[in-house]
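Examining the three-dimensional arrangement
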Amino acid sequence: YFMTLKHHWITLHRVQFQDSVSAKQRKFDIPSAPECWRFCPGQQLDEKGLPRLSSDIWCGLGIFSDKSKAEDMVAAPENHLPFLPEAVQQWHALAIPTKHRGEVNWRGHVEKNSAIHVAPEDTNDPLAIITTAGFLSYEPDQIPRIISFAQGADEILKFFGEQEGNLRSAVFSNGLDQREGFTISLWRDEKAMVQAAYLDGRHRTLMDESRDGSIFDRSSFTRARILSSNGSWDGNPLE
């Protein structure tokens, strides 16, 4: 049924290298298949509280209009990601987006409620929640806000990790191109996600604090259902 619909497909690619890799020193080849591609290092904060842009764990996010290309990206990622022989662990997943809202700069310009085209019907597959936050400027006067957001994101991940229905969570900081990175959290089902994200807890508190625009200038939220996956993210998260 979904094959006939005009919507995007999402692929996720978590890769762990033997050693930390710096986005300032290493440029990864962009795969030809996705129409939109982000590949960002896992967030690690320096002594000031800013993302280091260096990590042994990176994650790619691909957006496709063509289902067959998305399926091939997950089934045979080595054909598209030439750095995979360097990986000591890798996990790849195919997902169908069912909700997207907000503003995000993934393609070199800000898109509002349109960066991802969603399927008109939902499924009961495990959930992937993808969020972004962006800033109008990265000038020195914005550093305190960036630090505040980065620290808050780390707090939320710790909080999510304590929730029974949370399978995995991670923040992947943007590189050096002024486009957003993203967070990913995997959930067993929608009830578990709603319980953690919207009821009392650290995430709800930070969401309320961010509504006045003091923490970031734009944000987006995407809900996707994971249809298939392979490899390991510290084991099989969807077992």
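All of the points below concern the structure found in this document. Remember, it's a predicted structure, so these values are computed and weren't measured experimentally. (Residues numbered from 1 in each chain as written. Predicted model: local features only at pLDDT ≥ 70, side-chain atom pairs only at ≥ 80, totals over all residues. Heavy atoms only, no water.)

1. Some points on the packing of aromatic side chains
What counts is decided by this rule: Under the pairing criterion, centres of Phe, Tyr and Trp rings, with the six-membered ring standing for Trp, must be within 6.5 Å; the plane angle then separates stacked pairs below 30 degrees from edge-to-face pairs above 60, leaving the rest tilted. Relative accessibility thresholds used throughout: buried, under 20% of the residue-type maximum; exposed, over 50%; partly exposed, between the two (1.4 Å probe, protein chains only). Helical segments are the DSSP runs of H or I of at least four residues, strand segments are the runs of E of at least two, and each set is numbered from the N terminus. Criterion for a charge above a ring: Arg CZ or Lys NZ at most 6 Å from the ring centre, at most 35 degrees from the ring normal.
Enumeration according to the criterion identifies 15 aromatic pairs in this entry. Their ring planes at 15° and their centres at 6.0 Å tell us that Trp 37 and Phe 39 sit as a pair that is stacked. This pair shows no difference in class: Trp 37 is buried, exactly as Phe 39 is. Summarising the aromatic geometry, the rings of Phe 39 and Trp 58 are spaced 5.2 Å apart at their centres and angled 35° between planes, so their arrangement reads as tilted. Of this pair, Phe 39 sits in strand E2 (residues 36–41) while Trp 58 sits in strand E3 (residues 54–64), and the two are 19 residues apart along the sequence. Clustering of aromatic rings is evident, with ring pairs tying together Phe 17, Phe 28, Trp 37, Phe 39, Trp 58 and Phe 83. Above the ring of Phe 221, the side-chain terminus of Arg 101 is found at 4.6 Å from the ring centroid.

2. Points about the pairing of strand E7 (residues 166–172)
Applied cut-off: DSSP bridges decide pairing: two strands pair if at least two such bridges lie between them.
Here E7 lies mainly inside the structure; six of its seven residues are buried. Bridge count for E7 against strand E8 (residues 182–187) is six bridges, and the pairing is antiparallel. Residue pairing across strands places Asn 166 opposite Trp 187, the latter belonging to E8.

3. Side note on the pattern of salt bridges
To keep things clear, this is the line we draw: Take a side-chain nitrogen of Lys or Arg and a carboxyl oxygen of Asp or Glu: if they are within 4 Å of each other, that pair is a salt bridge.
Under the criterion given, the structure shown has 12 salt bridges. Among the ionic pairs, Glu 71 bridges to Lys 67, the shortest N-O distance being 3.7 Å. Taken as a pair, Glu 71 and Lys 67 lie in helix H1 (residues 67–75) at a separation of four residues, close to a single helical turn. What makes Glu 71 partly exposed here is its relative accessible area of 35%. In this structure Lys 67 comes out as partly exposed when scored by relative accessible area, which is 23%. When salt bridges that share partners are traced, they join Asp 122, Glu 190, Arg 223 and Arg 225 into one network.

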